[in-house]
Every structure is written in C-alpha cells, then in structure tokens.
Amino acid sequence: MNFKEFGTILFVEQYEACINFYKNVLQLNVNFEKADLVSFNVSDGYLMVERGGFSSENEKSRQQNPVVLRLDVNDVDEEVSILEKHGVAFLNKRLEFEWGIIAVFLDPDGNRIELGQIKER
C-alpha cells in the first residue's frame, strides 16, 4: 500500500483544555479546525483531537488508553525545562534506558505523553 500520511486520532472529554494544551503549551501547529476537532501537524503526520472521549484526573490506565503519545526531541532535559516554564507538571523528568531517555507528563484528559531522546542508531 502507498500511504500518504500517518495520523493519530485522540478522543477527549476536556476538549477546550486539550486544544489549548496542544496548541499553546506544546505549540503544535494547526493543520485545520472543524466544529468538534482540530488537526495538529506533528512532523510527517498529524494528531487529531476530537470530542467524545473521557477524562481522568490521573494518568489513564492501559485498559482506558493503551496508547502513549511519544514526541522525540533532540534534548529531553532542555524540552522539560521549557515545558515546565509553561506550567507542565512531569510524572518523571528523566527515565534512562539503554536505547535512550524519556520524560513523562499528561495532557488535561490524563493521556500519557512522553518526550523521547533516542540514542544514536
């Protein structure tokens, strides 16, 4: 198959808060907006945020949401510092693995997001 693009659709309950978070805190560029969804540009793909999910005050369990949004960056520590200045609270600022480093935080709906710094391949 010849796919044109890869995208992820995230259904959320706290729609306005999530749109604000992805647009103004993570500073993702908007591809387009409709009445009940916003599509954000993410590298060579997109993240579409739509109404219709459910939120959690804490991190959603894997049974509630088995997906993690991973945003790979050049320097996890630098990006953590920037996001903290925008009010992002991290569950973990730095977890090291043999393949790289991650930092973990949540969106307003309780969806897990990781910043990833992959070691050179």
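Scope of this entry: the structure provided in the associated data block. Sequence order as written defines the numbering, with residues in each chain counted from 1. Predicted model: local features are reported for residues with pLDDT of at least 70 only, side-chain atom pairs are reported and counted for 80 or more only, and whole-chain, interface and lining totals are derived from all residues. As a rule here, side-chain values come from all non-hydrogen atoms in the structure, and water together with hydrogens is ignored.

**What to know about helix α2 (residues 76-85)**
Counted only if it meets this: With a 1.4 Å probe rolled over the protein chains alone, any residue whose accessible area is under 20% of its type maximum counts as buried; one over 50% counts as exposed, and the rest are partly exposed. Note on conventions: DSSP H or I runs of at least 4 residues are helices, E runs of at least 2 residues are strands, and numbering of each starts at the N terminus. To be clear, the arc concerns the directions from the helix axis to the C-beta atoms. Two residues form a contact once any of their heavy atoms are found within 4.5 Å. Polar contact is the term for a pair of N or O atoms within 3.5 Å; when the atoms are in protein, one must be able to donate a hydrogen and the other to accept it, and sequence-neighboring residues count only if both atoms are side-chain atoms.
Along α2, the residues that are buried comprise V76, V80 and L83. Looking straight down α2, one finds its buried side chains confined to an arc of 70 degrees; they lie on one side. The secondary structure elements touched by the buried residues of α2 are α1 (15-25), β6 (90-97), β7 (100-106) and β8 (112-118). For α2, the N-terminal cap is D75; the gap from its side-chain oxygen to the backbone nitrogen of D77 is 3.1 Å.

**Observations regarding the pairing of β8**
Stated precisely, the cut-off is as follows: In this scheme, strands are said to pair when DSSP sees at least two bridges between them.
As defined by bridge partners, strand β5 (residues 69-72) adjoins β8 across four bridges and the pair is classed as parallel. Its bridge partner being in β8, L71 is matched across the sheet by L115. Alignment of β7 against β8, held across seven bridges, turns out to be antiparallel. Considered in β8, the bridge of I102 is made with G116. Where β7 folds back on β8, the antiparallel hairpin that results is connected by five residues, among which G110 adopts a positive phi of roughly 90 degrees.

**Describing the sheet that holds strand β1 (residues 6-12)**
Quick reminder of the rule: Throughout, an axis means a line fitted to C-alpha atoms (over the contacting stretch in the case of helices), and angles, computed between N-to-C directions, take values from 0 to 180 degrees.
Read from one edge of the open sheet, four strands run β1-β4-β3-β2, paired in mixed fashion. The open sheet has two edge strands, β1 and β2 (30-34), and neither has a second partner. Taking the axes of each pair of neighbouring strands and ignoring which way they run, one obtains an average angle of 15 degrees across the sheet. Direction of pairing for β1 relative to strand β4 (residues 45-51): parallel, over a ladder of seven bridges.

**Focus on the pattern of salt bridges**
How we decide: Here, a salt bridge means any side-chain nitrogen of Lys or Arg that lies within 4 Å of a carboxyl oxygen of Asp or Glu.
Enumeration according to the criterion identifies 10 salt bridges in this entry. One salt bridge connects E59 with R112, and the closest N-O pair in it is separated by 3.1 Å. Taken together, the positions of E59 in the loop between β4 and β5 and R112 in strand β8 put the pair 53 residues apart, joining distant regions of the chain. Looking at E59, the relative accessible area reads 32%, which means it is partly exposed. In this structure, R70 engages E114 in a salt bridge whose closest nitrogen and oxygen atoms are separated by 2.6 Å. A residue pair is termed long-range when its members are at least 10 positions apart, and R70 in strand β5 and E114 in strand β8 qualify at 44 residues. Residue R70 is classed as partly exposed on the basis of its relative accessible area, which comes to 36%. The class of E114 is buried, set by a relative accessible area of 7%. When salt bridges with common partners are traced through the structure, they connect E59, R70, R112 and E114 into a single cluster.

Geometric descriptors of this kind do not, in isolation, establish any biological role.
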